[in-house]
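Single-letter residue listing:
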Amino acid sequence: MYKHGIERVHVELTDKCNAECPGCFRSHYGGIVDSNIKNVQLDLNYFKLLGEDFIKSINYWLFCGTRGDPMSCTEIVDILEYIKSINENAGVDVLTNGGMGSAKQFRRMSDILQGNESGFGRGSMTFSVDGWEDTNHIYRKNVKWDKVMRNILAYKEGPGLAQWDFLVFEHNVDDIPKVKEFCKEHDIQLKLKQPFGFANGPSHPNLDTMAVHSRKDGSYMYEIYPDTKTKQYDYDFYAKETTENDFYNKNVIAKSAKYRTQLRTRTEGYDDMYSYYWLREHNNLDVDCHAIKQKELFIDCDGMFLPCCFLGGSWFAKDNQLRDMVGDESLLIPSETNSVEDILQSKFFNKTIPDGIEGNLKDPVGHCVKCVQTCGKWPDRSHFDTSGDWA
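Chemist: Go over the environment of N151 with me, naming the residues and quoting the values.
Modeler: Structurally, the position occupied by N151 is in helix α6 (residues 145-156). Sequence separation of N151 and Y139 is 12 residues, and the distance between their C-alpha atoms is 19 Å. A distance of 3.1 Å separates a polar atom in the side chain of N151 from a polar atom in the side chain of R150.

Chemist: Please provide a residue-by-residue account of the state of the cysteines, values included.
Modeler: Taken as a whole and judged by the stated rule, the model has 0 disulfides. In this structure C308 is not part of a disulfide, and its nearest cysteine sulfur, from C309, lies 5.9 Å away. On the basis of relative accessibility, which here comes to 16%, the residue C308 falls in the buried class. Residue C368 stays outside any disulfide, its sulfur separated by 3.1 Å from that of C371, the closest cysteine.

Chemist: Describe in detail helix α4 (residues 103-112), supporting the description with residues and values.
Modeler: What α4 keeps buried is the set F106, M109, S110 and I112. One side of α4 holds all its buried residues, which, seen down the axis, span an arc of 160°. Looking at the buried positions of α4, the neighbouring elements they touch are α3 (76-86), β3 (91-96), β4 (124-128) and α6.

Chemist: Tell me about the packing of α3 against α4, residues and numbers included.
Modeler: The N-to-C vectors of α3 and α4 enclose an angle of 15°; their axes lie 10 Å apart at closest approach. Looking at the two axes, α3 sits roughly parallel to α4. Crossing of α3 over α4 shows left-handed handedness. Residues I76, V77, L80, E81 and K84 of α3 touch α4, and the partners they reach there are Q105, R108, M109 and I112. Residues belonging to the contact of α3 with α4 are distributed by class as follows: 5 nonpolar, 1 polar and 3 charged.

Chemist: How would you explain the pairing of strand β2 (residues 60-63) if you had to name every residue and give the values?
Modeler: Residues Y60 and L62 point to one face of β2 and W61 and F63 to the other, with burial holding for every one of them. Relative to β2, strand β1 (residues 8-11) is paired through 4 bridges, and the arrangement is parallel. Bridge pairing in β2 links H10 to L62. Pairing analysis gives 4 bridges linking β2 to β3, with the strands arranged parallel. Bridge pairing links W61 to V92 in β3. The parallel pair β2 and β3 is bridged by α3, and the resulting crossover is right-handed.

Chemist: Break down the pattern of salt bridges for me, with residues and values.
Modeler: The final tally for this structure, using the stated rule, is 15 salt bridges. For E20, the salt bridge is made with R215, and the minimal N-O distance between the two is 3.7 Å. In this pair, E20 is assigned in the loop between β1 and α1 (44-50) and R215 in the loop between β8 (210-213) and β9 (220-224), connecting sequence segments 195 residues apart. A salt bridge links D130 to R140; its shortest N-O distance comes to 2.6 Å. Placement of the pair is D130 in the loop between β4 and α5 (136-139) and R140 in the loop between α5 and α6, with a sequence separation of 10 residues. Like D130, the residue R140 is buried in the burial classification. What emerges from the salt-bridge pattern is a single network uniting E81, R107, R108 and D111.

Chemist: Describe in detail the pairing of β8, supporting the description with residues and values.
Modeler: Consecutive side chains along a regular strand alternate between the two faces of the sheet. Side chains M210 and V212 project from β8 onto one buried face, and the interleaved A211 and H213 project onto a second face that is buried too. The pairing of β8 with β9 spans 4 bridges and is antiparallel. Within β9, the position partnered with V212 by the bridge is Y222. Where β8 folds back on β9, the antiparallel hairpin that results is connected by 6 residues, among which G218 adopts a positive phi of roughly 85°.

Chemist: Break down the nonpolar core for me, citing the residues and quoting the values.
Modeler: In terms of nonpolar packing, the biggest core is built from 103 residues, with F47, W61, F63, W164 and F305 touching the most fellow members. By residue number, the principal contributor to this core is α3, which donates 7 residues. The residues contacting F47, other than those within four sequence positions of it, are V11, L13, L42, I55, W61, F63, I79, Y82 and I83.

Chemist: I'd like a rundown of the side chain of R67, residues and numbers included.
Modeler: Of note, R67 is situated in the loop between β2 and α3. Taking the relative accessible area as the measure of exposure, R67 reaches 6% and is therefore buried. A distance of 3.2 Å separates polar atoms of two side chains, one belonging to R67 and the other to T66. Residues contacting R67, with those up to four places away along its chain left out, are E12, D15, C17, C24, F25, R26, I37, D300, C301, G312 and F316.

Chemist: How would you explain the packing of aromatic side chains if you had to name every residue and give the values?
Modeler: What the rule picks out here adds up to 19 aromatic pairs. Note on W132 and F182: the rings are 5.6 Å apart at their centroids and 70° apart in plane angle, and the pair reads as edge-to-face. One end of the pair, W132, is in the loop between β4 and α5; the other, F182, is in helix α7 (residues 176-186), and 50 residues separate them in sequence. The exposure class assigned to W132 is buried, which follows from its relative accessible area of 17%. The exposure class assigned to F182 is buried, which follows from its relative accessible area of 9%. Ring centres of Y276 and W278 lie 6.4 Å apart, and the angle between their planes is 55°; on these two criteria the pair is classed as tilted.

Cut-offs and rules
Residues numbered from 1 in each chain as written. Predicted model: local features only at pLDDT ≥ 70, side-chain atom pairs only at ≥ 80, totals over all residues. Heavy atoms only, no water. Helix = DSSP H or I, 4+ residues; strand = E, 2+ residues; numbered from the N terminus. Polar contact = N/O pair within 3.5 Å; in protein donor to acceptor, adjacent residues only side chain to side chain. Disulfide = S-S within 2.5 Å. Buried < 20%, exposed > 50% of the residue type's maximum accessible area, 1.4 Å probe, protein only. Arc of directions from axis to C-beta. Contact = heavy atoms within 4.5 Å. Axes fitted to C-alpha atoms, helices over the stretch in contact; angles between N-to-C directions. Parallel < 35°, antiparallel > 145°, perpendicular 65-115°, else oblique. Left-handed = near helix turned anticlockwise from the far one by under 90°. Nonpolar A, V, L, I, M, F, W, Y, C, P; charged D, E, K, R; others polar. Pairing = 2+ DSSP bridges. Right-handed = clockwise from strand over helix to strand, strands pointing away. Salt bridge = Lys/Arg side-chain N within 4 Å of Asp/Glu carboxyl O. Core = buried A, V, L, I, M, F, W, Y, C linked by side-chain atoms within 4.5 Å. Phe/Tyr/Trp six-rings, centres within 6.5 Å; stacked < 30°, edge-to-face > 60°.

Structure below.
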């Protein structure tokens, strides 16, 4: 599928994290950790296994992921130094909640991410911090404010670029002026962002609250409300940009009393992707693959190659269609006998994924459901006949 090579790599260094965010499927609504979490990490030896030729060919690395914080990886500094020692012109961005790692690590990473003397290879550290001292922990549950501030200030002692990503809720909207002033003082780019987890979908005009549960036993603790009173946000003091608030003036429905009495010890289950068999009625769902366009590869915390983090999230959630598409997962993990080139030339990348994009899979659906959901045009099922057997 990568006819023009790979230029960008998105890495999930680990599935470890200090936070208990209710919107992350690492845990059940911010409570009990999902049974799929292994508390593993990639190490420096894994990146050496990728080979210098591969690392030299990559011009951008993103360290983020779907269920872990990269700063929870104990070898992150060594890994970044190794990548830069091979290709100093590669850009590197790291996303973190700021509550893990030492001040010494953040200061060192500021030097690593500054790029070279010619200005090439610049990267940045993005701090995902949603509020101030009295509010950040409401969504970023278990993240300690003193550590966040210590690490931000340590990073800014060096030359590295920094960004503050701020999810706006009802409880933290009044903190925006204070955060703006801090970012201006310390030369940090501020981005206000609309959180996921409230909308029921286009056919449901109301919003649900976001429930937060206990890590100890899965019991209900409190609920989070979206900001519905602000029409738009003026968030970037550099470009003076504004963004519209899609939640403005919408009705919010709180969780029921019955819901609050139920323990949340597991998710309600992941969709059976074969239940979307009716997609086989469509010949063209206009899947415009982001991974192909961006020449990007995703590496999960087990070292497995996938086209994108959306498929990475589906793999973690045990998407049954993707499991069948992958087959033997060891064939997608580099080893002494399975090179990067072997993986990229495998049936999965050169036959299975293209078939999933084009609707030619030999399964009940024909299309890769996650590919359609993420990069395609989702059709209205009611307009099509869903009878008949698949061939």
